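One letter stands for each residue in the lines below.
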Amino acid sequence: NYCKTSSWCANSAVLLALLVPHPHIHALQRLAGIIAALPGLGPCSRVLDVGSGTGCLIPHLRARGVLDILAVDVSAAMVQQLQQLYPAPSSCGNDAGVRTWQGDFLQVPAYMGPVNAICMNAVFGNFVDLHEALLKAALMLQPGGHLVISHAMGRAWHTQLHEQRPAMVPNELPDKQQLQQLIFDLPFELVQYTDDPDLYIAVLQVPHGYRVAAAPIVMEGTVVTGFGRGSRQLGVPTANMDPAPLRQQLQQLPRGVYFGWAQLDAPADWPAADSAVHKMVMNVGRRPTVNTGDEAATVEVHVLHKYSQEEFYGTTMRVVVAGFVRPE
């Protein structure tokens, strides 16, 4: 891992330009270019640096005006060096500065977010499950936030490292098509992709307002029986829509939780409020918390309205999908 095995990565760019050999100067420029690829950074930004090592990105983040940085690394030795280089600003946890967390990025507590940007420099291929790492990043980012996946030596160099040390680097860096496949069911948009011989940069963004590219999506279907798992008794009744006629619309919706509006075609003798348009959240997927994973996808709509009748099987439900909350 280039960033973690080079002792120069924790020093300032100005000092390094005077002391290090010419190839390292170019590497410093590439690191600066990686941070430059993140839009909107400034004094109010909160940045999470994954696999920070001894902090080779921190000088470049500070050069962009970033004051609040959370550096995460699995190595206790790296974190200790980082703490010596950048002492915590205070013990109360609210002052801006460089803070550290030792452990696996996948285990970073949710309360340490959300953040405006996440950097994964020279570390993405070290994850065993790339999709899981991307999911964690999506859940740690604010709407509109960015994730940059990068390597200052390029994808071809990284591939050689993967072949030589597969236990340490179990995955190659994805090409553009592979990355698009990885984020298909995640709230990410690929906004920049650079695959030069000596530089790899992929910038992903969680859309503002969790919008989905295909929104608004209008669906209409028949309310069918559920699965008898007691959601009504738990206070979260759902209207299960027959997914078969909705196959075309569902192709535009990765598995996950959505929000929008819903309207029930209630019988004429029901109160008018039952036929009104109400807010809703909707799950499209296979319910991994209760199923084995091989069941057909379902559409479960939870309308934020207490209907006058508990059951309305066979009636028509119309929904407008406005945005994406989270993956399933």
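Just so it is clear, the model here is predicted, and its values are computed rather than measured. (Residues numbered from 1 in each chain as written. Predicted model: local features only at pLDDT ≥ 70, side-chain atom pairs only at ≥ 80, totals over all residues. Heavy atoms only, no water.)

Observations concerning the overall build of the protein
Helix and strand content of the protein: nine helices and 13 strands. The proportion of buried residues among the 328 residues of the protein is 47%. Taking the contacts inside the protein whose residues are at least 6 apart along the sequence as the reference set, 68% of them involve residues at least 24 apart. For the protein, the exposed surface amounts to about 15,900 Å²; the carbon and sulfur share of it is 54%. (Helix = DSSP H or I, 4+ residues; strand = E, 2+ residues; numbered from the N terminus. Buried < 20%, exposed > 50% of the residue type's maximum accessible area, 1.4 Å probe, protein only. Contact = heavy atoms within 4.5 Å. Areas by Shrake-Rupley, 256 points an atom, 1.4 Å probe, with all protein chains shown as cover.)

Description of helix α6 (residues 130-140)
Quick reminder: α-helices carry 3.6 residues per turn. Residues three or four places apart thus point the same way. Every buried residue of α6 is listed here: L130, A133, L134, K136, A137, A138 and M140. Contacts from the buried residues of α6 go to β1 (46-50), β4 (115-121), β5 (141-151), α8 (176-182) and β7 (199-205). In this structure D129 caps α6, since a side-chain oxygen of it lies 3.1 Å from the backbone nitrogen of H131. (Polar contact = N/O pair within 3.5 Å; in protein donor to acceptor, adjacent residues only side chain to side chain.)

Describing the sheet that holds β7
The sheet built from seven strands is open, its strands ordered β3-β2-β1-β4-β5-β7-β6 with mixed pairing. In the strand order of this sheet, the two ends are held by β3 (98-102) and β6 (189-196), each with one partner. Neighbouring strand axes in the sheet, compared pairwise and without regard to direction, differ in orientation by 15° on average. Note that β1 and strand β2 (residues 68-73) share five bridges and pair parallel. Directly across from L48, in β2, lies its bridge partner L70. Of the strands in this sheet, β2 and β3 are in contact with helix α5 (residues 76-85), which crosses β3 at around 165°. (Pairing = 2+ DSSP bridges. Axes fitted to C-alpha atoms, helices over the stretch in contact; angles between N-to-C directions.)

A few points about the sheet that holds strand β10 (residues 256-264)
If you trace the six strands once around the closed barrel, you get β8-β9-β12-β11-β10-β13, paired in antiparallel fashion. With direction set aside, neighbouring strand axes in the sheet form an average angle of 45°.

Details of the pairing of β4
Successive residues of a regular strand alternate their side chains across the two faces of the sheet. In terms of burial, β4 is largely enclosed, as six of its seven residues are buried. Two elements, β1 and β4, share four bridges in a ladder whose sense is parallel. Following the sheet pairing, V47 is matched in β4 by A117. The handedness of the β4 to β5 crossover, carried by α6, is right-handed. (Right-handed = clockwise from strand over helix to strand, strands pointing away.)

Some points on the side chain of D274
Structurally, D274 is set in the loop between β10 and β11 (277-285). Buried D274, no salt bridge; nearest opposite-charge side chain is K306, N-O distance 9.9 Å. If sequence neighbours within four positions are ignored, D274 has contacts with L264, A266, H305, K306, Y307 and S308. (Lys, Arg positive; Asp, Glu negative; His and termini not counted. Salt bridge = Lys/Arg side-chain N within 4 Å of Asp/Glu carboxyl O.)

A word on the nonpolar core
Core analysis: the biggest nonpolar cluster contains 33 residues, and I118, M120, L134, L147 and F188 have the highest contact counts within it. For this core, the element with the most residues is α6, which contributes six residues. When near neighbours in sequence (up to four residues on either side) are disregarded, L134 contacts F124, L147, I149, L182, I183, L186, F188 and L204. Counting 25 residues, the second-largest nonpolar core is a separate cluster that includes V284, V299, V301 and F312. (Core = buried A, V, L, I, M, F, W, Y, C linked by side-chain atoms within 4.5 Å.)

Overview of helix α7 (residues 155-164)
Taken residue by residue, α7 has H158, T159, L161 and H162 as its buried positions. Along the axis of α7, the buried positions cluster into a sector of 160°, meaning they face one direction only. In α7, the exposed positions that point more than 90 degrees away from the buried face belong to A156, E163 and Q164. Packed against the buried residues of α7 are β5. (Arc of directions from axis to C-beta.)

Focus: the environment of L253
Checked against the element boundaries, L253 lands in the loop between α9 (247-250) and β10. In this structure L253 comes out as buried when scored by relative accessible area, which is 4%. For the pair L253 and I217, spaced 36 residues apart in sequence, the C-alpha to C-alpha distance is 9.1 Å. Setting aside residues no more than four positions away along its own chain, L253 makes contact with I217, M219, Y258, M282, V284 and V321.

Digging into the pattern of salt bridges
Under the counting rule described, the total for this entry stands at three salt bridges. Between R30 and D198 there is a salt bridge, with its nearest N and O atoms 3.5 Å apart. With R30 in helix α3 (residues 22-36) and D198 in the loop between β6 and β7, this pair connects stretches of sequence that are 168 residues apart. When its relative accessible area of 37% is taken as the criterion, D198 is described as partly exposed. D195 is the salt-bridge partner of R155, the closest N and O atoms lying 2.8 Å from each other. One end of the pair, R155, is in helix α7; the other, D195, is in strand β6, with 40 residues separating them in the sequence.

Concerning the pairing of β5
Across the 11 residues that make up β5, a large majority, nine, are buried. Strand direction decides the pairing type here: β4 and β5, joined by six bridges, are parallel. By the bridge assignment, M120 is partnered in β5 with I149. Here β5 pairs with β7 via six bridges, running antiparallel. By the bridge assignment, V148 is partnered in β7 with V203.

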